[in-house]
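Chain by chain, the residues run as shown.
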Amino acid sequence: MALKLGDLAPSFVAETTQGEIDFHKYIDGSWAILFSHPNDFTPVCTTELGAVGKFMPEFEKRGVKVLALSCNDVESHKAWIKDIESFTPEAQVSYPIISDPKRDLAVQFGMLDPDEQDAAGIPLTARAVYVFGPDKKLKLSILYPATTGRNFHEVLRVIDSLQLTANHSVATPVNWNAGDKCMVVPGLSNEAAAAKFPKGFETIEVPSGKQYIRLTPQPNI
Ligand code: BEZ
């Protein structure tokens with residue numbers, strides 16, 4: 001059964017390239033991202049893990065703990081890290097990679113890709129991204145097939161949006177990027193919004209006359 005938004009993160013203990021990790025203890029009141037990969041020593045995965053290694057300062061700046069998963073053993077992961085860092089020289093794979101050779105976690109999280117299988121005919125893990133909040137609840141999930149690499153600029157962008165919503169009661173509009181105007185969430189009255197946003201907000205007039213499109217400068221800059 002796939003995880004749903006708002007679900008508590010499954011509690012599990014896993015072998016990783018940095019020793020045994022208890023996921024709930026690892027999260028420990030922080031934001032966390034768990035992202036999965038089909039297989040070690042495969043081309044798209046190598047580019048993705050390098051991109052995450054390069055972006056580690058960005059995840060750290062946002063207070064996000066990073067954890068990867070791939071369907072191979074720890075020895076294989078450790079050998080593969082050398083290739084990843086060679087292919088993306090700016091990257092350091094300083095985050096742990098879970099070993100999930102029997103797909104136990106992939107099944108638990110509902111992230112198998114039936115179209116891609118290993119030599120033994122076992123489905124590979126798809127490219128899933130799970131972002132958990134400090135309350136250990138799922139705030140965002142995305143699921144790509146094994147053949148499509150993710151955009152980790154987009155992953156950082158959605159983390160910025162999630163954190164703005166959690167901390168400042170704003171939503172982010174289509175194609176929003178950090179620094180752009182945000183939107184007052186529909187559940188906030190005009191009075192509450194006036195008190196909450198010292199920089200003010202503007203209400204956009206629309207034919208219906210309903211005052212639901214309210215823009216405000218990004219609150220945390
Ligand atoms: C890759 O990472 O390149 C890949 C892995 C599994 C299936 C297809 C592509």
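Scoring rules and cut-offs
Residues numbered from 1 in each chain as written. Predicted model: local features only at pLDDT ≥ 70, side-chain atom pairs only at ≥ 80, totals over all residues. Heavy atoms only, no water. Helix = DSSP H or I, 4+ residues; strand = E, 2+ residues; numbered from the N terminus. Buried < 20%, exposed > 50% of the residue type's maximum accessible area, 1.4 Å probe, protein only. Areas by Shrake-Rupley, 256 points an atom, 1.4 Å probe, with all protein chains shown as cover. Lys, Arg positive; Asp, Glu negative; His and termini not counted. Charge placed at Lys NZ, Arg CZ, Asp CG, Glu CD. UniProt positions renumbered as here; feature names shortened; annotations may be inferred. Contact = heavy atoms within 4.5 Å. Near = heavy atom within 4 Å. Polar contact = N/O pair within 3.5 Å; in protein donor to acceptor, adjacent residues only side chain to side chain. Pairing = 2+ DSSP bridges. Right-handed = clockwise from strand over helix to strand, strands pointing away. Core = buried A, V, L, I, M, F, W, Y, C linked by side-chain atoms within 4.5 Å. Salt bridge = Lys/Arg side-chain N within 4 Å of Asp/Glu carboxyl O.

(A) Highlighting the overall build of the protein chain. From N to C terminus, the protein chain includes six helices and 13 strands. Out of the 221 residues belonging to the protein chain, those deemed buried represent 45%. As displayed, the protein chain offers around 11,100 Å² of accessible surface, 54% of which is attributable to carbon and sulfur atoms. Of the side-chain charges in the protein chain, 21 are positive and 27 negative, and the distance between the mean point of each set is 7 Å.

(B) Spatial organisation of the UniProt feature "active site" (unreviewed entry) in the protein chain. Look at the UniProt record and you will see "active site" (unreviewed entry) annotated at Cys45. Tracing the backbone through its elements, the reader meets Cys45 in helix H2 (residues 43-61). Here Cys45 falls in the buried class, since its relative accessible area comes to 0%. If sequence neighbours within four positions are ignored, Cys45 has contacts with His37, Pro38, Asn39, Trp80 and Arg127.

(C) Structural context of the site of the ligand. Taken together, the residues surrounding the ligand are Pro38, Thr42, Pro43, Val44, Cys45, Glu116, Leu124, Arg127, Ala146 and Thr147. Thr42 is positioned with one of its side-chain polar atoms (N or O) 3.0 Å from an oxygen atom of the ligand. Between Cys45 and the ligand, the recorded distance is 2.9 Å, taken from a backbone N or O atom to an oxygen atom. Protein chains shield 85% of the accessible area of the ligand, which is 270 Å² for the free molecule.

(D) Representation of the pairing of strand S4 (residues 64-70) in the model. Of all seven residues making up S4, six are buried, and the element is well covered by its neighbours. Bridge count for strand S3 (residues 31-37) against S4 is seven bridges, and the pairing is parallel. Residue pairing for S4: Leu34 is matched across the bridge by Leu67. Handedness of the crossover is the feature at issue here: the chain leaves S3, passes through H2, returns alongside S4, and the resulting connection is right-handed. Here S4 runs beside strand S5 (residues 97-99); their pairing, made up of three bridges, is parallel. Counted as the bridge partner of Ala68 is Ile97 from S5. Running through helix H3 (residues 74-87), the crossover from S4 to the neighbouring parallel element S5 is right-handed.

(E) Molecular detail of the nonpolar core. The biggest cluster of nonpolar side chains holds 27 residues, and the ones touching the most others in it are Ile33, Phe35, Phe59 and Tyr95. Within the residue set of this core, elements represented by two or more residues are S3, H2, S4, H3, strand S8 (127-132) and helix H5 (152-168). Residues within four places of Phe59 in sequence aside, it is in contact with Ile33, Val52, Val64, Val66, Phe152, Val155, Leu156 and Ile159.

(F) Structural view of the pattern of salt bridges. Here the structure, examined in full by the defined rule, presents 12 salt bridges. For Glu58, the salt bridge is made with Lys61, and the minimal N-O distance between the two is 3.1 Å. Note that Glu58 and Lys61 are positioned in helix H2 at a spacing of three residues, about one turn of the helix. Residue class for Lys61 comes out exposed when judged on its relative accessible area of 62%. We note a salt bridge from Asp160 to Arg62, for which the minimum N-O separation is 2.6 Å. Here Asp160 is found in helix H5, whereas its partner Arg62 is found in the loop between H2 and S4, with 98 residues between them in sequence. For the pair Asp160 and Arg62, a shared accessibility class is recorded, and that class is buried. Overlapping salt bridges, with partners in common, bring together Glu58, Lys61, Arg62 and Asp160 in one network.

(G) Molecular detail of the sheet that holds strand S11 (residues 182-184). One open sheet accounts for four strands, arranged S10-S11-S13-S12; its pairing is antiparallel. The open sheet has two free edges, formed respectively by strand S10 (170-171) and strand S12 (202-203), since each of these has just one partner strand.

(H) Region of the structure containing the environment of Ala106. Inspection of the secondary structure puts Ala106 in helix H4 (residues 104-109). The spatial distance from the C-alpha of Ala106 to the C-alpha of Ser208 is 47 Å, given a sequence separation of 102 residues.

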